[in-house]
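# Coordinates in review
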Amino acid sequence: MKTNATFRIGHHRSLPVPGRAEARLSAVMRTHGAAVVLSVRGEADACTLDDWRRLIHEGAALAAAHGGPLVVDTGGLGFLGWRALVVVAEEAADQRGRGVAICLVSRTPTIARMAAVDPLTAELAIHPTVVGALSNLPAPPADAK
């Protein structure tokens with residue numbers, strides 16, 4: 001499945017066929033200094049979970065290559081399911097050991113309340129704005145690329 005994603009750093013994806021599950025999720029990745037901001041639109045639910053997982057993983061890999069954090073901006077989502085939230089938390093836990101911070105941007109207080117109920121998701125940093133997330137993330141290690 002292909003996802004409607006434009007990587008403004010040189011990678012492009014094909015547009016999905018309307019009506020298919022992947023048409024329900026689109027994303028744009030852009031860099032902001034060493035940080036990678038993944039802005040998603042649509043729905044992160046059971047139908048789009050595989051695409052969601054791939055986007056989060058690709059964003060984390062790109063952030064690691066840039067030596068900075070990954071900020072997942074969910075402001076364009078109409079729905080963020082529990083399993084999609086867990087995917088971000090799992091990737092954040094995996095990447096934390098590699099020195100890559102991952103955080104979520106959500107203006108919806110319900111997301112923070114949902115995350116607080118599970119020890120894995122409770123560790124996920126959640127900010128109300130991208131600017132707030134970028135200013136609150138730790139600086140990359142001095143030896144980072």
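Placed above this text is the structure.
Reference entry: report on the structure contained in this document.

Cut-offs applied
Residues numbered from 1 in each chain as written. Predicted model: local features only at pLDDT ≥ 70, side-chain atom pairs only at ≥ 80, totals over all residues. Heavy atoms only, no water. Helix = DSSP H or I, 4+ residues; strand = E, 2+ residues; numbered from the N terminus. Buried < 20%, exposed > 50% of the residue type's maximum accessible area, 1.4 Å probe, protein only. Contact = heavy atoms within 4.5 Å. Areas by Shrake-Rupley, 256 points an atom, 1.4 Å probe, with all protein chains shown as cover. Expected span 1.5 Å × (residues − 1). Core = buried A, V, L, I, M, F, W, Y, C linked by side-chain atoms within 4.5 Å. Pairing = 2+ DSSP bridges.

Turning next to the overall build of the protein. When you go through the protein residue by residue, the secondary structure sums to five helices and seven strands. Classification of the 145 residues of the protein by burial places 43% in the buried group. Residue pairs in contact within the protein that sit at least 24 positions apart in sequence constitute 60% of those at least 6 positions apart. Within the structure as shown, the protein displays about 7,400 Å² of accessible surface, and the carbon and sulfur contribution to it stands at 55%.

Let us now look at helix α1 (residues 49–66). Counted at 1.5 Å a residue, the expected span for α1 with its 18 residues is 26 Å, and the 26 Å between its end C-alpha atoms agrees. Every buried residue of α1 is accounted for by Leu49, Asp51, Trp52, Leu55, Ile56, Gly59, Ala60, Leu62 and Ala63. Taken from the residues just after α1, Gly67 is the one with a positive phi, measuring 75°.

A few words now on the side chain of Asp73. In this structure, Asp73 sits in strand β5 (residues 70–80). Classification of Asp73 by relative accessible area gives buried; the value is 11%. Apart from the residues within four sequence positions on either side, Asp73 is in contact with Leu38, Ser39, Val40, Val105, Arg107 and Val130.

This next bit is on the nonpolar core. With 29 residues, the main nonpolar core has Leu38, Trp52, Leu70, Leu80, Ile102 and Leu104 as its most contacted residues. Going through the elements one at a time, β3 (25–32), β4 (35–44), α1, β5, α2 (82–96), β6 (102–105) and α3 (109–116) are the ones with two or more residues in this core. Sort the elements by how many residues they give to this core and α1 lands first, with seven residues. Discounting residues that sit within four places of it in the chain, Leu80 has contacts with Ala44, Trp52, Thr74, Leu85, Leu104, Ile111 and Met114.

One face of the sheet, then the other: side chains in a regular strand alternate in exactly this way. Note that β3 and β4 share eight bridges and pair antiparallel. Its bridge partner lying in β4, Met29 is registered against Leu38. Turn length for the β3-β4 hairpin, with the two strands adjacent in sequence and antiparallel, is two residues, and the turn residue Gly33 shows positive phi of about 70°.

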